[in-house]
Amino acid sequence: VTGQHKEFNKLLKLVGAKKSVMLVGDAGSGKTYGSKMVAKTLELDYRIFSFTNETSLGRTMGFMNAMGEYVGTAVREMYENGGLLILDEFDACNANVAMSLNNLLDGDEYVFADKVVKRHEDFRYVACTNTYASGGNKKYNARNKIDDSTMDRFSAIIDWGYDEVLERRLFGDTEATRVVQQIRNNANKMGLNGLVTPRRTRDVNDMVSIGFKLKEAVHMSILAKQKKDVQVGLTEGVTL
């Protein structure tokens, strides 16, 4: 498989060997996309289940409605029928809900609301997070600490950073791409890692393609929300 993230082959080997993996990386680094590509490469069905602090146990595992009928979820579907379950924003998961996943992630069967379901032999899972599940920080303050017993369910953790070679391949080796990457380098030097995501690269290139000047596009997409002193630091040595 060519043209993928620099860590793609690690993930492919691990999922292919039915190992559970946690991908840790900043927003826009392609964790979910990489997981989908692994599923397609292995010819596995896949589902994405995204968490927030408000995601309940019933929303995660399914529930019985007022008519006495079971309402299923992507989690149940993959567990019962096989495929890759992508647990997106997993570090935003409520700690109690995460704990309830322990038996499902590592057991041979799970008691859902309607019946006991045996784990399909092709059930696999990947969790995508912005943190190492140690709680919120300055950048990702809506993240929760995940219990060590849940973390123990993951065979491997992969640091899924930005891949600038892939970024140039996706959005073009253009002046806009090079400028955004220069600004990202400045941001990292300033301790603002994760501020300038590949989504900014995409958006700046798109704006230039529809007629905006590069300076305008960069200001609208990256600089406008920053204080003046931060703007100066981000654009140091950058020609706009």
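Structure shown above.
What follows covers the overall build of the chain. Helix and strand counts for the chain come out as 12 helices and nine strands. Taking the principal axes of the C-alpha coordinates as reference, the chain spans close to 60 × 35 × 35 Å. Within the chain, the proportion of its 240 residues that are buried is 47%. When contacts within the chain are restricted to residue pairs at least 6 apart in sequence, long-range pairs at least 24 apart make up 71% of them. For the chain, the computed accessible surface area is about 12400 Å², with 48% contributed by carbon and sulfur atoms. With 33 positive and 31 negative side-chain charges, the chain shows a spacing of 5 Å between the two charge centroids.

At their nearest, the axes of helix 9 (residues 175-189) and helix 11 (residues 214-223) sit 11 Å apart, and the two run at 45° to each other. Judged by the angle between their axes, helix 9 and helix 11 are oblique. The hand of the helix 9/helix 11 crossing is right-handed. Between helix 9, through Glu175, Ala176, Val179, Val180 and Ile183, and helix 11, the contact on the second element is made entirely by Leu214, Val218 and Ile222. Residues belonging to the contact of helix 9 with helix 11 are distributed by class as follows: seven nonpolar, no polar and one charged.

Before going further, it helps to examine the packing of helix 9 against helix 10 (residues 198-209). Axis separation between helix 9 and helix 10 bottoms out at 9 Å; the angle between their running directions is 145°. The hand of the helix 9/helix 10 crossing is right-handed. Within the contact between the two elements, helix 9 uses Ala176, Thr177, Val180 and Arg184 and helix 10 uses Pro198, Arg200, Thr201, Val204, Asn205 and Val208. Its residues placed into classes, the contact of helix 9 with helix 10 shows five nonpolar, three polar and two charged.

Here glutamate 216 shows up in helix 11. For the pair glutamate 216 and leucine 240, spaced 24 residues apart in the sequence, the C-alpha separation amounts to 9.1 Å.

Looking now at helix 2 (residues 31-41). Among the residues making up helix 2, those that are buried are Lys31, Gly34, Ser35, Met37, Val38 and Ala39. On its buried side, helix 2 packs onto helix 1 (8-16), strand 1 (21-24), strand 2 (46-50), strand 5 (83-88) and strand 8 (123-129). At the exit of helix 2 stands glutamate 43, carrying a positive phi of roughly 55°.

With that out of the way, let us pick up a negative patch on the surface. On the surface, Asp106, Asp108, Asp147, Asp148 and Asp152 cluster together into a negatively charged patch. Mapped onto the fold, aspartate 147 is located in the loop between strand 8 and helix 7 (148-151).

Looking now at the packing of aromatic side chains. One pass over the structure, following the stated rule, counts eight aromatic pairs. Aromatic side chains phenylalanine 51 and phenylalanine 90 sit 5.6 Å apart centroid to centroid with 75° between the ring planes, which places their arrangement in the edge-to-face category. Of this pair, phenylalanine 51 sits in the loop between strand 2 and helix 3 (57-61) while phenylalanine 90 sits in the loop between strand 5 and helix 5 (95-100), placing them 39 residues apart in sequence. Assigned by exposure class, phenylalanine 51 and phenylalanine 90 land together as buried. When the centroid spacing of 5.7 Å and the interplanar angle of 75° are considered together, the rings of tyrosine 125 and phenylalanine 154 count as edge-to-face. Of this pair, tyrosine 125 sits in strand 8 while phenylalanine 154 sits in the loop between helix 7 and strand 9 (156-159); the two residues are 29 residues apart in sequence, bridging distant segments of the chain. With relative accessibility at 9%, the residue phenylalanine 154 sits in the buried group. Through a chain of ring-to-ring contacts, the aromatic side chains of Phe49, Phe51, Tyr79, Phe90, Tyr110, Phe112, Phe123, Tyr125 and Phe154 assemble into a single cluster. Here arginine 76 stacks its cationic end above the ring of phenylalanine 112, 4.8 Å away from the centre of that ring. One Lys or Arg, arginine 184, reaches over the ring of tyrosine 162 and ends 4.8 Å from the middle of that ring.

One open sheet holds the five strands; their spatial order is 2-5-8-1-9, and the pairing between them is parallel. The open sheet is flanked by strand 2 and strand 9, the only strands paired with a single partner. The mean angle between the axes of side-by-side strands here comes to 20°, regardless of whether they run parallel or antiparallel. For strand 1 and strand 8, the ladder comprises four bridges, and the chain directions are parallel. From the neighbouring strand, methionine 22 faces strand 8, where its bridge partner is alanine 127. Where helix 2 meets the sheet, it contacts strand 1, strand 2, strand 5 and strand 8, and its direction lies at approximately 175° from that of strand 5. Lying on the sheet, helix 4 (residues 74-81) is in contact with strand 2, strand 5 and strand 8; it crosses strand 2 at an angle near 145°.

Parameters at a glance
Residues numbered from 1 in each chain as written. Predicted model: local features only at pLDDT ≥ 70, side-chain atom pairs only at ≥ 80, totals over all residues. Heavy atoms only, no water. Helix = DSSP H or I, 4+ residues; strand = E, 2+ residues; numbered from the N terminus. Buried < 20%, exposed > 50% of the residue type's maximum accessible area, 1.4 Å probe, protein only. Contact = heavy atoms within 4.5 Å. Areas by Shrake-Rupley, 256 points an atom, 1.4 Å probe, with all protein chains shown as cover. Lys, Arg positive; Asp, Glu negative; His and termini not counted. Charge placed at Lys NZ, Arg CZ, Asp CG, Glu CD. Axes fitted to C-alpha atoms, helices over the stretch in contact; angles between N-to-C directions. Parallel < 35°, antiparallel > 145°, perpendicular 65-115°, else oblique. Left-handed = near helix turned anticlockwise from the far one by under 90°. Nonpolar A, V, L, I, M, F, W, Y, C, P; charged D, E, K, R; others polar. Patch = residues over 30% accessible without salt bridge, like charges linked within 9 Å, V, L, I, M, F, W, Y side chains within 5 Å. Salt bridge = Lys/Arg side-chain N within 4 Å of Asp/Glu carboxyl O. Phe/Tyr/Trp six-rings, centres within 6.5 Å; stacked < 30°, edge-to-face > 60°. Lys NZ or Arg CZ within 6 Å of the ring centre and 35° of its normal. Pairing = 2+ DSSP bridges.

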